[in-house]
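# A look at the structure
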Amino acid sequence: MLRTALRNVLAAKARLAMTVLAVCLGVAFICGTLVFADSSAAAQRAATSRDFADIAVTVNPKAPKPGAAWDEKGGALDDALVRELAAVPGAAAVRPAADGSAALNAADGTPLRSGTAWANPAGAYVPDKDGKDSRYPVVEGHAPRNADEVAVDRGTAAAGGFGIGDEITLATDGPVMKKRLVGIVTTKDPRVNAGGTLTLFDRATAQELFATPGHYTSIDLSAAPGTDQFTLSERVTAVLPADRAEAVSGAAQATQQASYVNALTRGYQKLPMIFAGVSLFIGSFLIVNTFTMLVARRTRETALLRAIGASRRQVVRTVLWEAALVGLAASAIGFVLGLGIASVLPDVLSTSQDTLARGPLVIGPFPVVAALGVGVGITVLAAWLPSRKAAKVAPIEALRAADQPHTATASRIRGAAGLALLALGGGWLVSLTGAEDASEANLRNAMLGCALLVVALIVLAPLLAPPVIRLCGELGGRLTARLTGRRAGHRTGRPGIIGRLARENALRDPRRTAATASALMISTALVAGLAVIGNSTGRALDRQAAAGLSADYVISTRTSTTAIDPAAEQRVAATPGVRTATAVTDSVVMTGGQVREISGVDTDHGAGQGADAVNSVMKLDFVSGSLKDLGPGRIAVSSTVAREHALTTGGRISASMGRAQNDKQYTVIGVYRDNPTAHDAVGARSEVRENSFKPGSVQRILVRTDSAAAVSKTTEDRLRAAVGNSPLLQVKDREALVRDAAGSVGTLLTLMYGLLAIGAVISALGIMNTLAMSVSERTREIGVLRAIGMDRAGIRRMIRRESLTVAAFGTALGLAGGLFGAWAVGALANGAVAQYSLALPWGTLLLVCLASLAIGVLAAAVPARRAAALSPLEAVAEA
């Protein structure tokens, strides 16, 4: 039977090629995603990691006690402690470090990878007894010797266009600094080799920037032979001041690091996995359809096998072996394609603000096993139903008829099951429309309802095909007659007859038509639903951003660990064309077990500020109260916070702000409508700044310009100059902020077009495969049509119209399901995005319809040409 399966595969290799392509697409995305995940995790681990191979123990300063000054970090880690640690038994070497991060501007003034702190390591060049730091061999120039000098790695010098003697603009946290480049080094630091920058200072300067003068941020120890790191860690702990420093073993640091990297890279796997799931789900319909048609064509052959002694189980195994061979081929091809996908995914998923670390592809055993398991498993599973159908036909029945009609009982059962699923899925989604809560549970329920709806449409599709296709055909015929100005004729070459023949051919086997159209239906439903949700969400975010911000520019930090130099506020306010500059300190408040964001603003009149100025840049719409009484102990809250905590103007709330350890009673001076610029609460900047994790810091400056200055490149350049063109800061106008707010919509659009492309390819393969096999089945029929006068062009038009009919049916069902699902899910979006309302993207929906119909026309090209090439005499004579 295995030889029989192999012979069948070779005999039908042209038809099975479409199935192989469909399956290999899904396998490619799964393998590509798994390889990408492993490779990205390895690269990210290298980029965010220290090499702990030679580090047995690291000594770190403990967090300050409540009430202690935050400038005490590293206070216990000084040269005296370094000497004491060097005397610990079992310590082979001790190396102190003053590390942090520094962002640089390239020679042309653009920031060098300043979006993530891990990409910009900086530290002290600490020479050994020989005057060299073995971690950073100098290849050009010399090591930094004073506060005006820096060294960078070779890659940073090349990327920034730096040379020895050049002045470099950089910032660590606060004011911009100018330093002279005196040295270029190499390093084995994996963060730098993964694409980051490296900046080295002399020891005193690094201590001043990243710790405190005379102190370090950490001290690394390596173990002598015969001493394990846990023993050394205990000995080191014994000599440390217990309340100011702690020892962490290299193994513990590696474990923490691995968990961090896994969490960091997990999110990047979701989008490719969605593509893989959709590919396999849609491709399964192509597999089922292909094997169903192959089994039907080989009915007599199957009957002969049964007549000569083959059991039903052997017939089933033959079909399944055939499917396994197809799946094996698809897995091999898909795995190779997956490696290509894995190599380009970092470029696809990277953004200017979030660049993925690069590294070589890591191919482990799991992607290989997954390729074989998914490719072979899905194909065999999809072929199981056709194999059962083949085995159920008795030999004598198969010898008498080539096709067995579907019974009325089966149709009634299908109809009842489909209607039940439709009612269940539709009712489930309708029940969620009143939730207005985008909780994870509701989102899961919405996904379940959409899945039930799709399954219901798949089950009902064979029953819906005849009325829908006839209705569409009638409407299309009338439209054609009206446009041509004549009634459809009776000659076989005229559109009316060709259209009827195409419709009847499509309806000859409604199950086959429905299975072929299901792939296109699913992709159209997904794309249409996502298009509606994406368009509605994008417009809501635009309205929300416009309603919550009237500032012309916002100056903000690129990372959450940095702050704006407080003196920059005055420079920005003094910039020509600036009317007001409102500084904002961002922090958090803890209340009722929840973390809320608070914006600290001034309501005095310094720097052009005041309650009116704050209202003008934040567009605060107060339901009650105002900002005029804002001060220490008094805050304004958003409508959401007020509703959740039953607050009104004049009420009181207990909360802890920033690094404050104890709760404090705050008086609510006003309630404003939810505002993304103001966040959850607004407090006095003096109090927020005092309790923030970076006391005295500023995170944002909201700028209003004069009407004459408006939004222009000149004004933007002036503002950048006012903040020293710091690589840590970004200056964005209102339009750029709206685009950033709609960043998730961009991901949704990427998903939408990706699903459309996948669905289009697999649907085209399915339609092409079905038509090709259908043409082969109707060889004699086509010959008769040619014999009675239909020309080759008429045959081609008939096949194309048949393909177009199937595509139109799938598109119609997909649009109906997608729009209904988008309407139902929109209620949940309204709970997550204020001002959400359903907005149909008519242009996109029209494009989806035209693309789906074009797929039908293109898929028919090869089958139509083959049908038209048949010789009438040979076709009629075929047995």
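Residues numbered from 1 in each chain as written. Predicted model: local features only at pLDDT ≥ 70, side-chain atom pairs only at ≥ 80, totals over all residues. Heavy atoms only, no water.

### Topic: the overall build of the protein
Check the secondary structure of the protein and you find 29 helices and 23 strands. Counting only residues that meet the buried cut, the protein has 50% of its 879 residues in that class. Long-range contacts, defined as pairs at least 24 residues apart, comprise 82% of the intrachain contacts of the protein with a sequence gap of at least 6. With an accessible surface of roughly 39400 Å², the protein has 59% of that area assigned to carbon and sulfur atoms. (Helix = DSSP H or I, 4+ residues; strand = E, 2+ residues; numbered from the N terminus. Buried < 20%, exposed > 50% of the residue type's maximum accessible area, 1.4 Å probe, protein only. Contact = heavy atoms within 4.5 Å. Areas by Shrake-Rupley, 256 points an atom, 1.4 Å probe, with all protein chains shown as cover.)

### Observations regarding the side chain of Thr-640
Relative to the helices and strands, Thr-640 resides in helix α20 (residues 639-644). A polar contact is formed between the side chain of Thr-640 and the side chain of Asp-674, at a distance of 2.4 Å. (Polar contact = N/O pair within 3.5 Å; in protein donor to acceptor, adjacent residues only side chain to side chain.)

### Focus: helix α7 (residues 229-239)
Taken together, the buried positions of α7 are Leu-232, Ser-233 and Val-236. Viewed end-on, α7 has its buried residues packed into an arc of 105°, placing them on one side of the element. Residues Phe-230, Glu-234 and Ala-238 are exposed on α7 and point more than 90 degrees away from its buried face. Check the buried side of α7 and you find it contacts β1 (57-61), α3 (79-86), β2 (91-97), β12 (218-223) and β13 (245-249). (Arc of directions from axis to C-beta.)

### Considering the pattern of salt bridges
Counting across every chain of the model gives 13 salt bridges. We note a salt bridge from Arg-95 to Asp-133, for which the minimum N-O separation is 3.4 Å. One end of the pair, Arg-95, is in strand β2; the other, Asp-133, is in the loop between β6 (121-124) and β7 (138-141), with 38 residues separating them in the sequence. With relative accessibility at 1%, the residue Asp-133 sits in the buried group. Overlapping salt bridges, with partners in common, bring together Arg-95, Asp-128, Asp-133 and Arg-135 in one network. (Salt bridge = Lys/Arg side-chain N within 4 Å of Asp/Glu carboxyl O.)

### What about unusual backbone geometry?
The phi angle at His-679 is positive, at roughly 65°, despite the residue not being glycine. Along the polypeptide, His-679 turns up in the loop between β20 (664-672) and β21 (681-684). Unlike most non-glycine residues, Asn-725 shows phi in positive territory, near 50°. With respect to the helices and strands, Asn-725 occurs in the loop between α22 (713-722) and β23 (729-733). Judged by its relative accessible area of 33%, Asn-725 falls in the partly exposed class.

### Re the packing of helix α27 (residues 842-859) against helix α28 (residues 861-868)
Packing of α27 against α28 leaves a shortest axis separation of 5 Å and a crossing angle of 35°. Where α27 approaches α28, its residues Val-857, Leu-858 and Ala-859 are matched on the opposing element by Ala-861, Val-862 and Pro-863. In the contact of α27 with α28, the residues fall into 6 nonpolar, no polar and no charged. (Axes fitted to C-alpha atoms, helices over the stretch in contact; angles between N-to-C directions. Nonpolar A, V, L, I, M, F, W, Y, C, P; charged D, E, K, R; others polar.)

### Observations concerning the packing of aromatic side chains
What the rule picks out here adds up to 3 aromatic pairs. A centroid spacing of 5.8 Å and a plane angle of 40° characterise the contact between Phe-820 and Trp-823, whose relative ring orientation is tilted. Note that Phe-820 and Trp-823 are positioned in helix α26 (residues 792-832) at a spacing of 3 residues, about one turn of the helix. Given a relative accessible area of 29%, Phe-820 falls into the partly exposed group. (Phe/Tyr/Trp six-rings, centres within 6.5 Å; stacked < 30°, edge-to-face > 60°.)

### Examining α27
Under the 1.5 Å per step criterion, the end-to-end length of α27 is 26 Å for 18 residues, consistent within 8% with the ideal 26 Å. Residues of α27 that are buried: Leu-845, Val-848, Cys-849, Ser-852, Ile-855, Gly-856 and Ala-859. For α27, the angular spread of buried residues about the axis comes to 115°, placing them on one side. α27 presents Trp-842, Gly-843, Leu-846, Leu-847 and Leu-858 as exposed residues on the side facing more than 90 degrees away from its buried surface. (Expected span 1.5 Å × (residues − 1).)

### So, the pairing of β1
Across 5 bridges, β1 lies against β13 in antiparallel orientation. Paired with Val-57 across the strands is Ser-249, a residue of β13. Pairing between β1 and β12: 3 bridges, direction antiparallel. Each residue of the ladder has a partner; that of Val-57, found in β12, is Leu-221. (Pairing = 2+ DSSP bridges.)

### Considerations on the sheet that holds β2
Spatially, 4 strands are ordered β2-β12-β1-β13 in an open sheet, and the strand pairing comes out antiparallel. Two strands lie at the open edges of the sheet, namely β2 and β13, each paired on one side alone. Going from strand to strand, the sheet's axes swing by 20° on average, the running direction of each strand aside. By the bridge criterion, 6 bridges tie β2 to β12 in an arrangement that is antiparallel. Bridge pairing in β12 places Ala-91 opposite Ala-223. Sitting on the sheet, α7 touches β1, β2, β12 and β13, and the angle it makes with β13 is about 175°.

### What about the environment of Val-682?
Mapped onto the fold, Val-682 is located in strand β21. In this structure Val-682 comes out as buried when scored by relative accessible area, which is 0%. Along the backbone, Val-682 and Ala-636 are 46 residues apart, and their C-alpha atoms lie at a distance of 5.1 Å.

### Things to note about a nonpolar patch on the surface
A cluster of nonpolar side chains, namely Leu-328, Leu-361, Ile-363, Val-368 and Leu-372, defines an oily patch on the protein surface of about 400 Å² accessible area. Structurally, Leu-372 is set in helix α12 (residues 365-392). (Patch = residues over 30% accessible without salt bridge, like charges linked within 9 Å, V, L, I, M, F, W, Y side chains within 5 Å.)

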